[in-house]
Amino acid sequence: MLFYSARKIKDNLGFFKNDYFALIIIFIVALLSIVGILAIYSASAYDSFQSFGNYTYFLNRHLAFIGIGVLMFFIFYFINLNIIKNYSFFFFLAALVFMFFVFLPGIGQGVGESKRWVDLRFISVQPSEFLKPLLLIYVAAFFSKFSSDKDIKKDIINIKSYFQKVCLPYFKKVWLPFISIISSVAFAFYFQKDAGTFFLIAAPVAFMFLITSAPKLIKVLTVIIFLIAAFLMVISEEYRIVRIQGFFNSTDILSSDYQSVQSLISMGSGGLLGQGIGAGFSKTNVPLTKNDFIFSVIGEEMGFLGSLLIVTLFIIFMMTGFLMARRVDNIFNKLLIYGIVILLSLQAMINIQSAVGGIVKGIPLPFISYGGSATITAFIMIGLLLNAYKNN
């Protein structure tokens, strides 16, 4: 069955009343969404009026995205995880192919050589956002197929036998297919000129791999290869080097990174309690305030305490997610929870550090930034997280 039975659905609804971890996750997502609604209204009202003649155009769209996201949350909370697991490769393959739609003439959108959106006429979507949950599902399903360390034979008594009986079979059966998966994803992001999102997705995937029963020698080899690949991807584009140099040299930031400087000025003007919702000026100085730099609006209008609240909520979200994963026995469910929690937490960390003078990377703040694809997929991942936790 695609969805659980009616009795199972009823049990799942009752689950929220009896599990504090699930209630904490729901509360955090709801509170972040409310803050996002206030911040987006403030950040987008001027542009909305200038472009469309009313102050709530972008706010209305964001509310529609949240509505769709909530619907998708319930769908993926009640969907049968075994169905998703069994067909995860085909879902992942479809998402990977969709990544290359951005290069099709007439529907691919972007700036310069960077193509990241697909124009479906009635809406523009970002394929990389939908790749995130589908890749995590497939990786969790892939690693859940293989046995644990308990199955390693007792006669492995030296390095040679360890290499021949453990490392070499694992290398052929598991590692090579795994690297092929990651390489195909890296290939897509390389041509999209979007190394930052690839690193964001690769980090939870790498963590999922490291907590499996892979031989330690293979884990060390994988870490080395990932670090080399990351270094080569960073130095392949000059603007990435400039951003890193600016991060380590404050004078470079002042001269080369307008966004960071204006964001810091806006946040500094917020003080302890902020200037009040709608009273800030960051939306006229900081580019993309309703998207990637929404945190600067929060800092200016809600102050240090408002910014601290957002950071605290994401820390609690991460800690709660890890505790949930530790309570799960099923390896597929455990890996999926870890992957989702790390991805969303890391995404928030990257966005916030960009707003406070770190390395600038255009990644939305989960549940807060404006953007249909990002908002909907974030709710999908929360539905999957709670589904995996409940139906263990």
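Analysis parameters
Residues numbered from 1 in each chain as written. Predicted model: local features only at pLDDT ≥ 70, side-chain atom pairs only at ≥ 80, totals over all residues. Heavy atoms only, no water. Helix = DSSP H or I, 4+ residues; strand = E, 2+ residues; numbered from the N terminus. Areas by Shrake-Rupley, 256 points an atom, 1.4 Å probe, with all protein chains shown as cover. Expected span 1.5 Å × (residues − 1). Buried < 20%, exposed > 50% of the residue type's maximum accessible area, 1.4 Å probe, protein only. Contact = heavy atoms within 4.5 Å. Patch = residues over 30% accessible without salt bridge, like charges linked within 9 Å, V, L, I, M, F, W, Y side chains within 5 Å. Salt bridge = Lys/Arg side-chain N within 4 Å of Asp/Glu carboxyl O. 1 Å grid on protein atoms, 1.4 Å probe; cavity = no way out; pocket = protein on both sides within 12 Å on 5 of 7 lines; lining within 4 Å. Points joined across faces, edges and corners; volume = space filled by probe spheres on them. Nonpolar A, V, L, I, M, F, W, Y, C, P; charged D, E, K, R; others polar. Axes fitted to C-alpha atoms, helices over the stretch in contact; angles between N-to-C directions. Parallel < 35°, antiparallel > 145°, perpendicular 65-115°, else oblique. Left-handed = near helix turned anticlockwise from the far one by under 90°. Phe/Tyr/Trp six-rings, centres within 6.5 Å; stacked < 30°, edge-to-face > 60°. pLDDT = per-residue confidence, 0-100.

S.K.: Any chance you could break down the overall build of the protein chain for me, citing the residues and the numbers?
M.R.: Helix and strand counts for the protein chain come out as 16 helices and 3 strands. For the protein chain, the exposed surface amounts to about 18,800 Å²; the carbon and sulfur share of it is 68%.

S.K.: Residue-level account of helix α3 (residues 57-78), with values.
M.R.: Note that an α-helix has 3.6 residues per turn; residues three or four places apart therefore point the same way. Across its 22 residues, α3 extends 32 Å between first and last C-alpha, which sits within 8% of the 32 Å expected from 1.5 Å per residue. Taken as a whole, α3 has its buried residues at Phe58, Leu59, His62, Phe65, Ile66, Gly69, Phe73, Phe76, Tyr77 and Phe78.

S.K.: Which residues make up the environment of Val356, and what are the values?
M.R.: By the secondary structure assignment, Val356 is in the loop between α15 (331-355) and α16 (372-390). Relative accessible area serves as the criterion here: at 40%, Val356 is assigned to the partly exposed category. Distance from Val356 to Gly299, taken between C-alpha atoms, is 9.6 Å for residues 57 residues apart in sequence. Among residues more than four places away in sequence, those in contact with Val356 are Leu264, Met267 and Phe295.

S.K.: Describe a nonpolar patch on the surface, and please don't skip the residues or the numbers.
M.R.: Residues Tyr87, Phe89, Phe90, Phe91, Leu93, Val97, Phe101 and Leu104 make up a contiguous nonpolar surface patch of roughly 730 Å² in combined accessible area. The topology assignment puts Leu93 in helix α5 (residues 88-99). Assessed through its relative accessible area of 37%, Leu93 is described here as partly exposed.

S.K.: Residue-level account of the environment of Gly106, with values.
M.R.: Examined against the element boundaries, Gly106 turns out to sit in the loop between α5 and β1 (108-111). Of the residues examined, Gly106 reaches a relative accessible area of 56% and is grouped as exposed. Measuring from C-alpha to C-alpha, the distance between Gly106 and Val118 comes to 9.1 Å, with 12 residues separating the pair along the chain.

S.K.: If you had to explain the layout of surface pockets to someone new, which residues and values would you point to?
M.R.: A probe as big as a water molecule, rolled over the atoms, marks out the empty space that is left. Its boundaries defined by the atoms lining it, the second largest pocket holds a volume of some 490 Å³. Forming the boundary of the second largest pocket are 20 residues, of which Phe199, Ala202, Phe226, Leu227 and Ala230 lie nearest the centre. Among the secondary structure elements, those contributing two or more residues to the lining of the second largest pocket are α7 (159-192), α8 (195-210) and α9 (216-235). Ranked by the residues each element gives to the lining of the second largest pocket, the list is headed by α9, at 9 residues. Grouping the constituent residues of the lining of the second largest pocket by class yields 18 nonpolar, 2 polar and no charged.

S.K.: Give a detailed account of unusual backbone geometry, specifying residues and quantitative values.
M.R.: Phi is positive for Lys193, close to 60 degrees, though the residue is something other than glycine. With respect to the secondary-structure elements, Lys193 resides in the loop between α7 and α8. With a phi angle near 70 degrees, Phe367 is a residue other than glycine that sits in the positive phi range. Relative to the elements of secondary structure, Phe367 occurs in the loop between α15 and α16. Owing to a relative accessible area of 5%, Phe367 belongs among the buried residues under this scheme.

S.K.: Describe the packing of helix α2 (residues 20-52) against helix α14 (residues 294-326), listing the residues and the values that go with them.
M.R.: Running from N to C, α2 and α14 point in directions that differ by 160 degrees, and their axes come no closer than 10 Å. The angle between α2 and α14 places the two elements in the roughly antiparallel class. Handedness of the crossing formed by α2 with α14: left-handed.

S.K.: How would you summarise α15 if you had to cite specific residues and measurements?
M.R.: Between the first and last C-alpha of α15 there are 36 Å, a value that for 25 residues agrees with the 36 Å anticipated at 1.5 Å per step. A large share of α15 lies buried, amounting to 21 of its 25 residues. Residue Gly357 follows α15 closely and has a positive phi angle near 100 degrees.

S.K.: Can you explain the packing of aromatic side chains? Please cite residues and give values.
M.R.: In total, this model carries 31 aromatic pairs according to the counting rule given. Here Phe89 and Phe90 contribute two aromatic rings whose centre-to-centre distance is 5.7 Å and whose plane-to-plane angle is 70 degrees, an arrangement assigned as edge-to-face. Residue classification places Phe90 among the exposed residues on the basis of a relative accessible area of 53%. With centroids separated by 5.7 Å and ring planes inclined at 45 degrees, the aromatic side chains of Phe143 and Phe209 adopt a geometry described as tilted. Separated by 66 residues along the polypeptide, Phe143 in helix α6 (residues 127-144) and Phe209 in helix α8 bring together distant segments of the chain.

S.K.: Explain the packing of α5 against α6 to me, and be specific about the residues and the numbers.
M.R.: Between α5 and α6, the shortest axis-to-axis distance is 8 Å and the interhelical angle comes to 150 degrees. Considered as vectors, α5 and α6 are oriented roughly antiparallel to each other. Here α5 runs over α6; the crossing is left-handed. Together, Ser88, Phe89, Phe91, Phe92, Ala95, Leu96, Phe98 and Met99 of α5 and Pro127, Ser128, Phe130, Leu131, Leu134, Leu135, Ile137, Tyr138 and Ala141 of α6 make up the contact between the two elements. Along the lines of polarity and charge, the residues of the contact of α5 with α6 split into 15 nonpolar, 2 polar and no charged.

S.K.: I'd love a proper account of the confidence of the model for the protein chain, names of residues and values included.
M.R.: The predicted coordinates of low-pLDDT regions are not to be read in fine detail. Averaged over the protein chain, the pLDDT score is 84; the fraction of residues at 70 or greater is 82%. Between residues 149-157, whose pLDDT stays under 50, and residues either more than four places distant or in other chains, the model counts 8 contacts.

S.K.: How would you explain the side chain of Ser33 if you had to name every residue and give the values?
M.R.: Position of Ser33 relative to the elements: it lies in helix α2. Ser33 gets classed as buried once you look at its relative accessible area, which sits at 8%.

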